[in-house]
Amino acid sequence: MISKTFQEKFNPSQQAAVSFTGQHALILAGAGTGKTRTIIGRAAYLIESGVSPSKIQILTFTKKAANEIVERVRSQFPESTAISLKGSTFHSWCNQLIVKYPNLFGASTYTVIDQDDQLSIMKMVCGEYKEDFGRLRLKPQQLIDLYSFARNTRKNLTESIRILLFKDRKDRETEYEITQQRPYIGNLLKAYQSKKGNSKYLDYDDLLLAVSTQLHQNEEARRILAMDLEHLLVDEMQDTNPLQWELLKPFAQVCRLYCVGDDAQSIYSFRGADFRNVHSFKERVPDSTVLKLNINYRSTQHILDLANWLLARSPIKYDKKLVSNITEGSFPVVMNVSDQWQESSWVAEEILNGFQQDDKFFGDHLVLSRSQYYTKTLQAVFIRKKIPFVTYGGRKFLEAAHIKDVVAVLRILNNPFDEIAWVRFLTFWDGIGDVRASRALGNIVAGDGSRPIGTLVKDALPGQDGEKIGDLIGELELSKGDVGQLVTKTFEAMELGLAYKYRKDWQEKRKADFEVLQLLAKSYGSLGEFIGEGLLDNAANLNKSHVLSGSELSPSEDRDHVIISTIHSAKGLEADTCFVLNVSPKVFPSTRTLHDPEAIEEDRRLLYVALTRAKNRLFITRNIDSIQALTKGDEIINEAKDIPTESYFLSDLPDSLVEQRTYEHTFDKPRDVGTPNTMDLSSGMDFS
DNA sequence: CCAGATGCTTTTTTT
DNA sequence: AAGCATCTGG
């Protein structure tokens with residue numbers, strides 16, 4: 001049953017992984033060793049062996065990765081053979097299960113909320129419980145972090161407070177402080193939780209928690225899900241956190257687990273990822289096998305030498321040395337620059353050189369940065385030099401303020417208990433602020449849902465304002481069944497207000513987004529789907545993977561452009577030429593992580609991920625002043641901030657591994673490079 | 001007490 | 001770009 005090309009497509013260890021016949025497997029796959037290929041191959045292999053595609057579920061961390069894997073599997077089969085193969089993110093998968101089995105998980109009408117919404121609720125709570133909140137020197141965001149951390153790591157409140165607020169200290173004074181603060185924090189979190197429940201909100205963690213709790217407690221739930229599922233294929237296993245592990249664990253009893261990961265690429269501990277899910281896999285999962293993939297097909301040996309050198313200097317033993325099957329190639333370049341403008345100019349020049357002289361495409365270039373914010377200068381330079389680009393990471397389409405204003409109406413119609421949406425919608429109108437809105441809210445939400453929404457508003461908000469808004473929402477409710485039409489009408493009703501509220505950049509930037517929103521809305525069958533899945537899936541990643549072309553949303557992969565990405569968002573990406581920005585002291589590792597050895601090592605892995613994205617050419621930039629400060633004035637730095645020199649990842653970098661350069665040009669002379677080809681600058685869109 | 005405008009600051013990383 | 005503190009006009 002196995003296709004002829006099987007042996008040509010995979011090396012022996014990949015073949016072993018793809019055609020694994022045991023019960024459960026963990027595939028340890030170093031960067032560039034064909035991790036994605038192996039998952040794709042595995043799914044295809046299973047289907048060829050007669051497993052029904054509908055009983056295979058692929059889990060990844062981003063929708064993009066899921067789609068890509070599923071598409072590539074489907075393309076290996078005649079038309080509809082693999083159409084029922086499913087791939088989703090953990091969160092979206094749970095959301096689908098909850099929708100599919102409302103009785104099992106006890107949630108029918110609910111709204112999935114994002115981090116902004118969580119914060120808004122917590123702010124309301126802190127306002128209501130001024131007493132408790134006033135005794136703490138905490139921001140609402142920190143309380144949210146605490147809440148989420150505790151649930152994702154399955155730790156109790158005391159431990160979570162200790163780790164997040166007291167750097168994991170265990171001395172007497174800390175103990176005392178924790179005992180003092182814990183009751184107040186506890187009260188606020190409880191209030192937050194009950195408010196969340198009353199408004200029928202599920203946050204991201206709730207989605208996982210609801211499913212995992214039922215699976216653990218309820219034999220029936222396990223039985224039902226077992227009927228749907230034979231194989232669970234999990235990507236990026238090293239990024240799973242204890243909560244996600246809780247979710248996966250029960251499935252070891254009802255289906256076969258096939259997890260793929262690389263402990264050296266674990267970079268999500270800030271949201272509770274625990275790479276012991278990889279290290280302890282064999283002990284935790286009975287009847288499991290661990291397989292390894294070691295040959296790197298992506299990068300030249302020079303690039304891997306640098307990556308290997310970086311990992312070898314870690315106190316953690318990764319038991320990993322990547323070996324390439326590509327021996328030739330140039331050395332990685334470390335470029336010393338004196339400021340961000342130089343850095344950006346140099347990157348732009350290098351890309352244009354590649355484009356003009358080496359026949360490279362813009363798409364062959366990937367620019368990586370630690371933070372989204374840092375690439376602002378670069379984006380400015382790219383626009384000036386007419387280099388087309390897209391940004392990965394950063395603010396999502398549906399999270400932009402002007403989009404949220406319109407979506408608030410949809411949320412209200414979808415779930416009349418949605419207080420956040422109510423406040424947003426009410427305060428949108430002139431003359432209504434926080435106070436009047438929250439007062440009106442009490443009356444609106446108190447309704448049992450039997451009365452028309454429009455009338456509720458009129459009662460809760462006497463006067464002209466209420467009359468106007470009540471009529472509006474009542475009328476919009478009539479279009480509830482047609483998401484596309486609803487968006488159009490809502491936008492029409494709000495356009496004037498929006499244009500005023502965002503007058504600074506309405507015409508140039510924001511107005512056009514509503515076309516996108518309408519197209520997006522049309523692609524969903526129902527309001528509930530749009531609100532729920534839209535937030536979790538492609539809409540959330542719209543700025544990453546889609547651009548508006550003509551009258552439809554199309555994958556931006558069609559166009560040739562440079563990709564600018566945070567390193568976190570770049571996992572799984574690769575490019576011929578890769579720029580890693582600002583690998584300077586105090587950044588790698590970051591000064592904020594220096595108190596914590598584990599966090600330093602996570603930063604090291606982050607850099608490791610960045611370096612291993614490059615196939616042929618790797619360019620690293622760093623700030624020359626901070627390097628000189630390191631070598632000349634150690635004592636100043638050490639004294640000032642207590643930063644040990646050796647904590648900089650690239651200190652003592654052997655000359656044999658890289659080529660060092662220093663930027664010569666002055667950036668002020670933008671050499672006229674002309675316009676290579678016809679390029680569409682609109683692809684340089686993002687919503688930040 | 002309320003809504004809105006203005007000026008200042010500050011950015012990790014994401015589902 | 002968005003949060004925060006502060007001011008102004010009602």
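Remember, it's a predicted structure, so these values are computed and weren't measured experimentally. (Residues numbered from 1 in each chain as written. Chains lettered and ligands numbered in written order. Predicted model: local features only at pLDDT ≥ 70, side-chain atom pairs only at ≥ 80, totals over all residues. Heavy atoms only, no water.)

In total, this model carries three cavities of 30 Å³ or more according to the counting rule given. Considered as a void within the structure, the largest cavity measures approximately 200 Å³ in volume. Tallying contributions element by element places helix 21 (residues 401–414) first for the lining of the largest cavity, with four residues. Split by residue class, the lining of the largest cavity holds nine nonpolar, no polar and five charged. Viewed by domain, the lining of the largest cavity spans two of them, domain 2 (111–199) and domain 4 (397–541), each represented by three or more residues. (1 Å grid on protein atoms, 1.4 Å probe; cavity = no way out; pocket = protein on both sides within 12 Å on 5 of 7 lines; lining within 4 Å. Points joined across faces, edges and corners; volume = space filled by probe spheres on them. Helix = DSSP H or I, 4+ residues; strand = E, 2+ residues; numbered from the N terminus. Nonpolar A, V, L, I, M, F, W, Y, C, P; charged D, E, K, R; others polar. Domains from an automatic or database assignment.)

It is worth spelling out the protein's contact with DNA strand B at this point. With respect to spatial proximity, 29 residues lie near DNA strand B, and among them Gln372, Tyr373, Gly431, Arg439 and Ser569 are the closest. Here DNA strand B approaches the protein such that, of its atoms within 4 Å, sugar and phosphate make up 54%. The backbone of Gly431 places a nitrogen or oxygen atom 2.3 Å from a phosphate oxygen of DNA strand B. At 3.4 Å, a backbone N or O of Ile432 approaches a phosphate oxygen of DNA strand B. Broken down by element, the residue count for the surface near DNA strand B peaks at four residues, all from helix 23 (residues 434–446). (Near = heavy atom within 4 Å. Polar contact = N/O pair within 3.5 Å; in protein donor to acceptor, adjacent residues only side chain to side chain.)

Glancing now at the environment of Ala460. Structurally, Ala460 can be placed in helix 24 (residues 453–460). When the C-alpha positions of Ala460 and Asp145 are compared, they lie 34 Å apart, and in sequence the two are 315 residues distant. Those residues in contact with Ala460 that sit more than four places away from it in its chain are Ala440, Asn443 and Ile444. (Contact = heavy atoms within 4.5 Å.)

With that out of the way, let us pick up the packing of aromatic side chains. Scanning all chains against the criterion turns up 14 aromatic pairs. Feature note: the residues Trp346, Phe579 and Phe619 constitute an aromatic cluster, connected by ring pairs. Taking the ring centre of Tyr268 as reference, the NZ or CZ of Arg271 above it sits at 4.1 Å. (Phe/Tyr/Trp six-rings, centres within 6.5 Å; stacked < 30°, edge-to-face > 60°. Lys NZ or Arg CZ within 6 Å of the ring centre and 35° of its normal.)

On to unusual backbone geometry. Excluding glycine, a negative phi dihedral is what most residues carry, and trans is how most peptide bonds are arranged. Cis geometry is found at the peptide bond from Phe588 to Pro589, where omega equals 0°. With phi around 55°, Lys200 is a residue other than glycine that occupies positive phi space. Judged by its relative accessible area of 35%, Lys200 falls in the partly exposed class. Positive phi outside glycine occurs at Asp287, with the angle close to 60°. Among the secondary structure elements, Asp287 is positioned in the loop between helix 17 (281–284) and strand 8 (288–293). (Buried < 20%, exposed > 50% of the residue type's maximum accessible area, 1.4 Å probe, protein only.)

This brings us to the nonpolar core. By size, the foremost hydrophobic cluster in this structure holds 88 residues, and its most contacted members are Leu232, Trp422, Phe425, Leu426 and Leu517. For this core, the element with the most residues is helix 21, which contributes eight residues. Shared between two domains, this core takes at least three residues from each, and those domains are domain 1 (4–104 + 224–293) and domain 4 (397–541). Core analysis: the second largest hydrophobic core is formed by 47 residues, Ile303, Ala307, Trp309 and Cys578 among them. (Core = buried A, V, L, I, M, F, W, Y, C linked by side-chain atoms within 4.5 Å.)

Attention now goes to the UniProt feature "binding site: ATP" (unreviewed entry) in chain A. Mapped onto the present numbering, the UniProt feature "binding site: ATP" (unreviewed entry) falls at Ala29, Gly30, Ala31, Gly32, Thr33, Gly34, Lys35 and Thr36. With near-sequence residues (within four places) excluded, Ala31 lies in contact with Asp262, Gln265, Asn296, Arg298, Leu322, Tyr608, Thr612 and Arg613. One can find Lys35 in helix 3 (residues 35–48). The exposure class of Lys35 is buried, given its relative accessible area of 12%. Beyond its immediate chain neighbours, meaning those up to four positions away, Lys35 contacts Ala29, Asp235, Glu236, Val260 and Gly261. (UniProt positions renumbered as here; feature names shortened; annotations may be inferred.)

Moving on, we get to the pattern of salt bridges. Taken as a whole, this structure holds 40 salt bridges when the rule is applied. Between Asp203 and Arg151 there is a salt bridge, and its shortest N-O distance comes to 3.0 Å. Of this pair, Asp203 sits in strand 5 (residues 201–203) while Arg151 sits in helix 9 (residues 140–153); the two residues are 52 residues apart in sequence, bridging distant segments of the chain. Both residues of the pair, Asp203 and Arg151, belong to the buried class. One salt bridge connects Asp576 with Lys360, and the closest N-O pair in it is separated by 3.2 Å. With Asp576 in strand 17 (residues 575–580) and Lys360 in the loop between helix 19 (340–357) and strand 12 (365–369), this pair connects stretches of sequence that are 216 residues apart. Here Asp576 matches Lys360 in class, with each residue buried. Put simply, Asp114, Asp116, Asp117, Lys404, Arg411 and Asp418 are held in one network by salt bridges that share partners. (Salt bridge = Lys/Arg side-chain N within 4 Å of Asp/Glu carboxyl O.)

Quick look at helix 29 (residues 527–536) now. Of all ten residues making up helix 29, eight are buried, and the element is well covered by its neighbours. Listed as buried for helix 29 are Leu527, Phe530, Ile531, Gly532, Glu533, Gly534, Leu535 and Leu536. On its buried side, helix 29 packs onto helix 5 (90–100), strand 4 (111–113), helix 12 (204–217), helix 21, helix 26 (483–501) and helix 28 (513–522).

Attention now moves to the state of the cysteines. With the rule as written, the count across this model stands at zero disulfides. Unpaired in this structure, Cys94 has its nearest cysteine sulfur neighbour in Cys255, at a distance of 13 Å. Residue Cys94 is classed as buried on the basis of its relative accessible area, which comes to 0%. (Disulfide = S-S within 2.5 Å.)

This part is about the packing of helix 9 against helix 12. Contact geometry of helix 9 with helix 12 gives a least axis separation of 10 Å together with a crossing angle of 25°. Considering their axes alone, helix 9 and helix 12 lie roughly parallel with respect to each other. Here the hand of the crossing between helix 9 and helix 12 comes out left-handed. Residue-level contacts link Ser148, Arg151 and Asn152 of helix 9 to Asp205, Asp206 and Leu209 of helix 12. (Axes fitted to C-alpha atoms, helices over the stretch in contact; angles between N-to-C directions. Parallel < 35°, antiparallel > 145°, perpendicular 65-115°, else oblique. Left-handed = near helix turned anticlockwise from the far one by under 90°.)

A separate point is the packing of helix 19 against helix 20 (residues 376–384). It is at 9 Å that the axes of helix 19 and helix 20 come closest, and there the two elements cross at 45°. Judged by the angle between their axes, helix 19 and helix 20 are oblique. Considering how the two elements wind past one another, helix 19 and helix 20 form a crossing that is right-handed. Contact residues: helix 19 offers Gln340, Trp341, Ser344, Ser345, Val347, Ala348 and Ile351, while helix 20 offers Thr377, Leu378, Val381 and Phe382. Of the residues that constitute the contact of helix 19 with helix 20, the class distribution is seven nonpolar, four polar and no charged.

What follows covers helix 23. If you check helix 23, its first and last C-alpha atoms are 18 Å apart, about what 13 residues at 1.5 Å a residue would give, namely 18 Å. Along helix 23, the sharpest change in direction is near 25° and occurs at Ala440. For helix 23, the complete set of buried residues consists of Ala437, Ala440, Leu441, Ile444 and Val445. The elements touched by buried residues of helix 23 are helix 22 (419–428) and helix 24. (Expected span 1.5 Å × (residues − 1). Bend = angle between axes of the 7 residues up to and from the residue.)

It is worth spelling out the sheet that holds strand 6 (residues 231–234) at this point. The six strands lie next to each other as 3-2-6-7-1-8, forming an open sheet whose pairing is parallel. The open sheet has two edge strands, strand 3 (86–89) and strand 8, and neither has a second partner. Averaged over all adjacent pairs, the angle separating strand axes in this sheet is 15°, with direction ignored. Contacting strand 1 (24–29), strand 2 (56–60), strand 6, strand 7 (256–261) and strand 8, helix 3 runs over the sheet at an angle of about 170° to strand 6. Against the sheet, helix 5 makes contact with strand 2, strand 3 and strand 6, and its axis sits at roughly 110° relative to strand 3, the strand it touches most. (Pairing = 2+ DSSP bridges.)

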